[in-house]
Amino acid sequence: MAGLATSLGSGAMTNSIAEISGASTIFAIGTNTTQAHPVLALQAKKAAREGANLIVANPKEIDLCRHATIHLQHRPGTDVALVMGMIKVIVDAGLADMEFINSRCENFDAFVDSLAEFDLASVEKITGVPGELISKAAKIFASEGPSSILYCMGITQHCHGTDNVWSLSNLALVTGNLGKASAGVNPLRGQNNVQGSCDMGALPDVYPGYQKVAKAESKKKFEAAWGVSLSDQEGLTHSEIFDDIHDGKITALYLIGENPYLSEANANHAIESMNRLDFLVVQDIFLTETAELADVVLPAASFAEKNGTFSNTERRIQRIRKAVDAPGEAKPDWQIVAAIASRMGAQGFDFEDEAQIMNEIASLTPSYGGISYERLEGGGIQWPCPTQDHPGTPTLHVEKFGTPSGKAQFMPLSFRDSAELPDDEYPFLLTTDRSLFHYHTGSMTRRVAGLEQLDSEEFLKINPKDAASLGLEDNEVVQIASRRGQTQAKTKVTKICPPGLVSMTFHFAESPTNVLTSPALDPVAKIPETKVCAVKLEKV
């Protein structure tokens, strides 16, 4: 993204986790932080205890609301209207940081013109949040800084997820809350090394360090380093890969550490696609539901059985060290990939150890240029770290932004509805969430007896009014159906969900929630809209 190329485009926090507790105002939107990021949530709760304003924007009354100054309980999928409405309040009240805007931003006048559609009356109608509450939150965010924005997949997993992120960028820019401590736009990554995987080019349009595949200089650089001819065409995103498998355009798939059988939106489509493959290889630490479909399973070592690095949500690169031997024939992922590449005739995979791989990373990735295993012995380092004597970068954009001009871009936006809304046939809106006790598809945590005692089955969370209208009580089995599939779960009657909204996690193979979710994609990021889909309920 042009405005914040080195952070929002990479999904990285602009600031550091430790800075959150120093914020005067925290705006947590699209994140159930205490459930999905419980350690990081301690920073937000600490700040609130010490007097900071905590503004929570979430369709559900999540645990973090107990600590909140204001809860903006907006309808799912209306984030752009909510945030742009807040920005209009700030601009109209004369609270915009014009010194920051004039010196460090571009396109502000056109952006202000785009705010006309976001008057409070219109925003209240779209979001369901009282206008006076939106106004109060906006004025607090603008006037009681530094103000930090925290967001997660409740922002990104929409058919307008990119617009959602842009709106948050606009909010931070209009209030001057970028490039300084305890502020920023801070996406909370869903898994421990998602950031590191993206940093290393596990995306369809970039080489390591977010160097664009389509740029001639990037292509030339990596061709020279690797001694091969490379394409300048962008690859496919996750969802597009399964579509092409289904259409017969892809006939073989190599999956590493992924369980789309449970995690993919519209999961029946993904399962059917994998069953159409001529050849499926799965590399994982356990025999997952997806691995059971494979022609070949390659056993991989877990985090405790190998050396390497993880790069976390605050861009901190940290060493991991082998503590125990891997069982059976399991090997570290890099050794398996290198062995396959070498047997296929590829050159350059003859690494002796993990440190050699990091040396190559540093030589080709400017943001990792100063990283080595020797330096990491002293503790984690935050990228960008371009040279061996560079200390790392706790806060991004202190002096300039990652654009050709060095200035951030305001992005005019319009509100768009979610792709699928309730109707007479499917009258409820389903959103997905995570449990404190389980991790993603449960392939690891559901093997832990203690965690299974705490949380061993799926529940459909439903408001008491909706439950009463359907004649449902706690712990009754219901069938949940969407236009794509159906599953069953027990009910949990709770005021956490407002009327009309139901919620499930996606950890349990016995109740595979993602057979229900929507495959509608964001046109830019191509992320499916797993946070909003229409469903109907029937008592079993």
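Since this is a predicted model, take the numbers as computed values, not measurements. (Residues numbered from 1 in each chain as written. Predicted model: local features only at pLDDT ≥ 70, side-chain atom pairs only at ≥ 80, totals over all residues. Heavy atoms only, no water.)

## Considerations on the sheet that holds strand β10 (residues 279-284)
Step number 1: On the basis of which strands lie adjacent, the open sheet formed by 3 strands has the order β9-β10-β11 and parallel pairing. Each edge of the sheet is formed by a strand with only one pairing partner; in this case those strands are β9 (252-256) and β11 (296-299). Geometrically, the sheet is characterised by an average inter-axis angle of 10° between neighbouring strands, direction not taken into account.
Step number 2: By the bridge criterion, 4 bridges tie β10 to β11 in an arrangement that is parallel. Bridge pairing in β11 places Val281 opposite Val296.
Step number 3: Against the sheet, helix α15 (residues 333-343) touches β9, β10 and β11, its axis set at about 155° to β9. (Pairing = 2+ DSSP bridges. Helix = DSSP H or I, 4+ residues; strand = E, 2+ residues; numbered from the N terminus. Axes fitted to C-alpha atoms, helices over the stretch in contact; angles between N-to-C directions. Contact = heavy atoms within 4.5 Å.)

## A short note on the packing of helix α3 (residues 79-92) against helix α6 (residues 120-127)
Step number 1: With their axes 9 Å apart at the nearest point, α3 and α6 run at an angle of 160° to one another. In terms of axis orientation, α3 runs roughly antiparallel to α6. Two packed elements cross with a definite hand, and for α3 against α6 that hand is left-handed. On the side of α3, the interface is formed by Ala81, Leu82, Gly85 and Val89, while α6 contributes Leu120, Val123, Ile126 and Thr127.
Step number 2: Residue classes in the contact of α3 with α6 are distributed as 6 nonpolar, 2 polar and no charged. (Parallel < 35°, antiparallel > 145°, perpendicular 65-115°, else oblique. Left-handed = near helix turned anticlockwise from the far one by under 90°. Nonpolar A, V, L, I, M, F, W, Y, C, P; charged D, E, K, R; others polar.)

## Examining the domain arrangement of the protein chain
Step number 1: Here the protein chain is partitioned into domain 1 (2-188), domain 2 (194-382) and domain 3 (428-539).
Step number 2: Taken over C-alpha atoms, the centre of domain 2 sits 30 Å from the centre of domain 3.
Step number 3: Taken together, the 16 residues of domain 2 in the interface contact 19 residues of domain 3.
Step number 4: Of the roughly 1,400 Å² buried between domain 2 and domain 3, counting both surfaces, carbon and sulfur atoms make up 62%.
Step number 5: If you sort the residues of domain 2 by the area they bury against domain 3, Leu262, Ala265 and Asn266 come out on top, with a joint share of 37%.
Step number 6: In this structure, the salt-bridge partner of Glu240 is Lys526, at a minimum N-O distance of 2.9 Å.
Step number 7: Sorting the residues of the side of domain 2 that touches domain 3 by element identifies α12 (238-246), α13 (260-263) and α14 (267-275) as the ones contributing at least two each.
Step number 8: When its residues are assigned to classes, the side of domain 2 that touches domain 3 shows 6 nonpolar, 7 polar and 3 charged. (Domains from an automatic or database assignment. Buried area = accessible area lost by both parts, 1.4 Å probe. Salt bridge = Lys/Arg side-chain N within 4 Å of Asp/Glu carboxyl O.)

## Let's talk about the sheet that holds strand β13 (residues 316-320)
Step number 1: The strand order across the open sheet formed by 3 strands is β12-β13-β14, and the pairing between neighbours is antiparallel. Looking at which strands have only one partner, the edges of the open sheet turn out to be β12 (308-311) and β14 (381-382).
Step number 2: As defined by bridge partners, β12 adjoins β13 across 4 bridges and the pair is classed as antiparallel. Across the sheet, Gly308 pairs through a bridge with Ile320, a residue of β13.

## With respect to the confidence of the model for the protein chain
Step number 1: For the protein chain, the average pLDDT comes to 93, and 98% of its residues sit at 70 or higher.
Step number 2: A low-confidence stretch, residues 1-9 stays under pLDDT 50, and its non-local contacts, those more than four residues away or across chains, total 33 contacts. (pLDDT = per-residue confidence, 0-100.)

## Notes on the packing of α6 against helix α7 (residues 131-143)
The axes of two packed helices give the description: the angle between them and the distance between them.
Step number 1: Where α6 meets α7, the axes come as close as 9 Å, and the angle between the chain directions of the two elements is 110°. If you check the angle between α6 and α7, you find them roughly perpendicular. In this structure, α6 contributes Leu120, Val123, Glu124 and Thr127 to the contact, and α7 contributes Gly131, Ile134 and Ser135.
Step number 2: For the contact of α6 with α7, the class distribution of residues is 3 nonpolar, 3 polar and 1 charged.

## Describing helix α2 (residues 38-49)
Step number 1: If you check α2, its first and last C-alpha atoms are 16 Å apart, about what 12 residues at 1.5 Å a residue would give, namely 16 Å.
Step number 2: Along α2, the positions that sit buried rather than exposed are Leu40, Ala41, Ala44, Lys45, Ala47 and Ala48. The buried residues of α2 all sit within an arc of 155° when viewed along its axis, so they share a single face. Turned more than 90 degrees away from the buried face of α2, the exposed residues are Val39 and Arg49. (Expected span 1.5 Å × (residues − 1). Buried < 20%, exposed > 50% of the residue type's maximum accessible area, 1.4 Å probe, protein only. Arc of directions from axis to C-beta.)

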